[in-house]
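# Tertiary structure, described
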Amino acid sequence: MGETKQDDRLILREASGPTPDCLSDDELMAAFESENGAGDRITQHMAECAHCQAEVALMRDFHEAEAGADEQGHVAWIAEQLKASFVESETVERNAPAHPRREVKSRGSFLRDFFGTNPFATTAWAGASAALLVAGGLWIQDATRSTLAPGVIDGPQVFRTTSIEGLSPRGDLTAPPESFEWNAVDGATAYKIEAMEVDRSIVWALQTESAAVAAPAQLRAIAVPGKTLLWRVSAVNSAGQTVAISEVERFRVAVQSSGGEPAAKKVR
Amino acid sequence: MRADRMMLMCKQAGDQALIDAIRTAGSAVERTRLINELFERHYPRVALWCLRFTGDRESGRDLAQDVFLRALRGLDSYRGASKFSTWLYVIARNQCIRSAQSRASKPEQLQDPSVLDGRKANLELEDERLEREASAGFVRRLMAETLDETERKVMTLHYAEDVPLAAISRLLALQNASGAKAYVVSAKRKLNRALSRHRARDERERVIRQEGA
């Protein structure tokens, strides 16, 4: 019975999921937005594919959804939080010191993160502002409220972070990691850990109150020998603000050598 | 004054015009303002989606922030073939699914609703049928033919994307008592009925072939 149910689930998963013939994101968007048909292939496929039908229907839901009375306050709050997470780059730019300073890192600024690597950013921005924004998107390691250069706004949106460091796992391992560990941060009430592929796509994320967490089986299973995985941890205070974020750490299970070295522990 | 005029124009401009202006912005300040203007138009929509997906506003905020961060980083890849809001939805969808899959080890998300409510026998796809008929491709066609839109959405989100049933109920604003679970149950019933019809038809055709031979 159990196997049958598992088989059912697998079939339903496959039947509900995309196939190689399914529409690409671009085609799904065209199917959603086209009023007069979106081409033979798209039309034909849409007629017989429950998955793509559902995808387009969800696009419509996204556009047409209305917040209920019990949701409106929360939506407004989130929108305000998103607005607040932007730091006026004008202020930053106007007050930027002429020399690089690595101590200042505003937390929660999309634009600061973005302009650090933005292909459209101007040379002037890259020169003067990147000094403030911490070149290369690095997060600061200063553990105290740093002394700011004269003229730099010390407003409520600019946070000095305390430092946090991913302690384990790092480098080459003989087996998939049993746990993730980092140093505790003053003022932090929770930690968010993210494990990523090398392309930075997140494969596992968790929030915890302690400075260590067991590695889940799903992560250990993909940590096959030779595969590099990344992880980082951020500290969050009681107001939900991120107060520190670690460097991205790398680890991998070493490929078994032919000289009789211990093999990586096989999981699943 | 000039900046104010520019912002007034931006507020009246469409998303595409704003994006064009972002790409040709003469300064980082101008670019920042334009991006703010563009994103603020879509905060409520993404906020609602993420709120429903996560079920609490703090998690919804974090998820929405990830969505806009990805949108920000991918803005140069936006080609304008679709509306910006549609493009943003694709980012939101992918981010939500990543979020769901990262939590997919939780038992609640992996349990079959038919197990949860104890109604096993009449909801399963039987072994016999599975062997003969229920290839994924066949079931996929049946789903397209027999399920209604809500059932298709629920099945896709739950089975293909590992989205928890509670999150699906919120996301689709399902108001019935058991939410998405009821749609999974009704979808399975419909699929079983459709499989039965196909099996009966196959049997009739087999008998006819035998009699003809």
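### What to know about the overall build of chain A
A tally of helices and strands in chain A yields nine helices and nine strands. Within the span of chain A, comprising 268 residues, buried residues form 44% of the whole.

### Describing the packing of helix 2 (residues 25-33) of chain A against helix 3 (residues 40-48) of chain A
Residues and elements named next belong to chain A. Where helix 2 meets helix 3, the closest approach of the two axes is 10 Å, and the angle between their N-to-C directions is 85 degrees. Taken together, the axes of helix 2 and helix 3 are roughly perpendicular relative to one another. Where helix 2 abuts helix 3, its residues Glu27, Ala30 and Ala31 lie against Arg41, Ile42 and Met46. Its residues assigned to classes, the contact of helix 2 with helix 3 shows four nonpolar, no polar and two charged.

### Structural notes on empty space enclosed by the protein
Evaluated as defined, the whole model comprises one cavity of 30 Å³ or more. Approximately 60 Å³ is the volume found for the largest cavity. Forming the boundary of the largest cavity are Leu58 of chain A together with Trp49, Phe53, Tyr89, Arg93, Cys96, Ile97, Leu157 and Leu171 of chain B. The set of elements that each furnish at least two residues to the lining of the largest cavity consists of helix 3 (28-54) and helix 5 (84-102) of chain B.

### Topic: the nonpolar core
With 80 residues, the main nonpolar core has Phe39, Phe84 and Met155 of chain B as its most contacted residues. At 12 residues, the largest contribution of residues to this core is made by helix 3 of chain B. Among all residues touching Met155 of chain B, those that are not within four sequence positions of it are Leu12 and Ser16 of chain A together with Met143, Leu147, Ala160, Val184, Ala187 and Leu191 of chain B. Ranked by size, the runner-up nonpolar core spans 21 residues in total, among them Leu173, Trp182, Ile193 and Leu229 of chain A.

### Notes on the sheet that holds strand 3 (residues 179-182) of chain A
Residues and elements named next belong to chain A. With antiparallel pairing, the three strands of this open sheet are ordered in space as 1-3-6. Edge positions in the sheet fall to strand 1 (166-168) and strand 6 (212-214), since each has one partner strand and no second. For this sheet the average axis-to-axis angle between neighbouring strands, irrespective of direction, equals 25 degrees. As judged from the two bridges shared by strand 1 and strand 3, these two strands associate in the antiparallel manner. Residue pairing in the sheet places Ser168 in a bridge with Glu181 of strand 3.

### Observations regarding the side chain of Gln95 of chain B
Residues and elements named next belong to chain B. For Gln95, the location among the structural elements is in helix 5. Exposure remark for Gln95: the relative accessible area of 4% places this residue in the buried category. Once you skip the residues sitting within four places of it in the chain, Gln95 turns out to touch Leu63, Asp66, Val67 and Arg70.

### Points about the pattern of salt bridges
Under the definition given, this model contains 23 salt bridges over all chains. A single network of salt bridges, built from pairs that share partners, joins Arg60 and Asp61 of chain A together with Glu149 and Lys153 of chain B.

### Overview of the packing of aromatic side chains
Summed over the entire model, instances satisfying the criterion amount to 14 aromatic pairs over all chains. Ring plane angle 50 degrees and centroid distance 6.5 Å describe the contact between Trp182 of chain A and Trp231 of chain A, whose orientation is recorded as tilted. Taken as a pair, Trp182 of chain A in strand 3 and Trp231 of chain A in strand 7 (residues 228-236) lie far apart in primary sequence, 49 residues in all. Ring geometry for Phe39 of chain B versus Phe68 of chain B: centroids 5.1 Å apart, planes at 50 degrees, classification tilted.

### What about the confidence of the model for chain B?
The pLDDT averaged across chain B works out to 81; a share of 79% of its residues lies at or above 70. For residues 105-123 of chain B, every residue scores under 50 in pLDDT, and the model assigns this stretch 41 contacts once sequence neighbours within four places are set aside.

### Re the confidence of the model for chain A
Residues and elements named next belong to chain A. Looking at chain A as a whole, the pLDDT averages 69, with 61% of positions reaching at least 70. Looking across chain A, the model is least confident in helix 8 (residues 123-133), with a mean pLDDT of 36, and most confident in helix 4 (residues 50-64), with 93. A low-confidence stretch, residues 111-161 (pLDDT under 50), is modelled with 115 contacts involving residues beyond four sequence positions or located in other chains. Every residue in residues 257-268 scores below 50 in pLDDT, and together they form 18 contacts with partners more than four places removed in sequence or on other chains.

### Some points on the pairing of strand 4 (residues 190-196) of chain A
All names here are of chain A. Of all seven residues in strand 4, six are buried, a share of seventy percent or more. Inspection of the sheet shows strand 4 paired to strand 5 (residues 202-208) by six bridges, in the antiparallel sense. Looking at the pairing, Ala195 lines up with Trp204 of strand 5.

### Observations concerning helix 3 of chain B
All names here are of chain B. Over its 27 residues, helix 3 runs only 34 Å from end to end, short of the ideal 39 Å by more than 12%, given 1.5 Å per residue. Taken as a whole, helix 3 carries its principal kink of about 45 degrees at Tyr43; the proline Pro44 stands between one and four residues after it. Extensive coverage of helix 3 is indicated by the burial of 21 of its 27 residues. Once helix 3 ends, the next one or two residues include Gly55, with phi positive near 90 degrees.

### Description of the environment of Glu27 of chain A
All names here are of chain A. Counting through the fold element by element, Glu27 comes out in helix 2. Taking the C-alpha atoms as reference points, Glu27 and Arg41, 14 residues apart in sequence, are found 9.5 Å from one another. If sequence neighbours within four positions are ignored, Glu27 has contacts with Cys22, Arg41 and Ile42.

### Things to note about the packing of helix 4 of chain A against helix 10 (residues 149-160) of chain B
Taken N-terminus to C-terminus, the directions of helix 4 of chain A and helix 10 of chain B make an angle of 100 degrees; their axes are 8 Å apart at the nearest point. The angle between helix 4 of chain A and helix 10 of chain B places the two elements in the roughly perpendicular class. For the pair helix 4 of chain A and helix 10 of chain B, contact is made by Ala50, His51, Gln53, Ala54, Ala57, Leu58, Arg60 and Asp61 of chain A and by Glu149, Arg152, Lys153, Thr156 and Leu157 of chain B, respectively. Counted by class, the contact of helix 4 of chain A with helix 10 of chain B contains five nonpolar, three polar and five charged residues.

Definitions and cut-offs
- Residues numbered from 1 in each chain as written.
- Chains lettered and ligands numbered in written order.
- Predicted model: local features only at pLDDT ≥ 70, side-chain atom pairs only at ≥ 80, totals over all residues.
- Heavy atoms only, no water.
- Helix = DSSP H or I, 4+ residues; strand = E, 2+ residues; numbered from the N terminus.
- Buried < 20%, exposed > 50% of the residue type's maximum accessible area, 1.4 Å probe, protein only.
- Axes fitted to C-alpha atoms, helices over the stretch in contact; angles between N-to-C directions.
- Parallel < 35°, antiparallel > 145°, perpendicular 65-115°, else oblique.
- Contact = heavy atoms within 4.5 Å.
- Nonpolar A, V, L, I, M, F, W, Y, C, P; charged D, E, K, R; others polar.
- 1 Å grid on protein atoms, 1.4 Å probe; cavity = no way out; pocket = protein on both sides within 12 Å on 5 of 7 lines; lining within 4 Å.
- Points joined across faces, edges and corners; volume = space filled by probe spheres on them.
- Core = buried A, V, L, I, M, F, W, Y, C linked by side-chain atoms within 4.5 Å.
- Pairing = 2+ DSSP bridges.
- Salt bridge = Lys/Arg side-chain N within 4 Å of Asp/Glu carboxyl O.
- Phe/Tyr/Trp six-rings, centres within 6.5 Å; stacked < 30°, edge-to-face > 60°.
- pLDDT = per-residue confidence, 0-100.
- Expected span 1.5 Å × (residues − 1).
- Bend = angle between axes of the 7 residues up to and from the residue.

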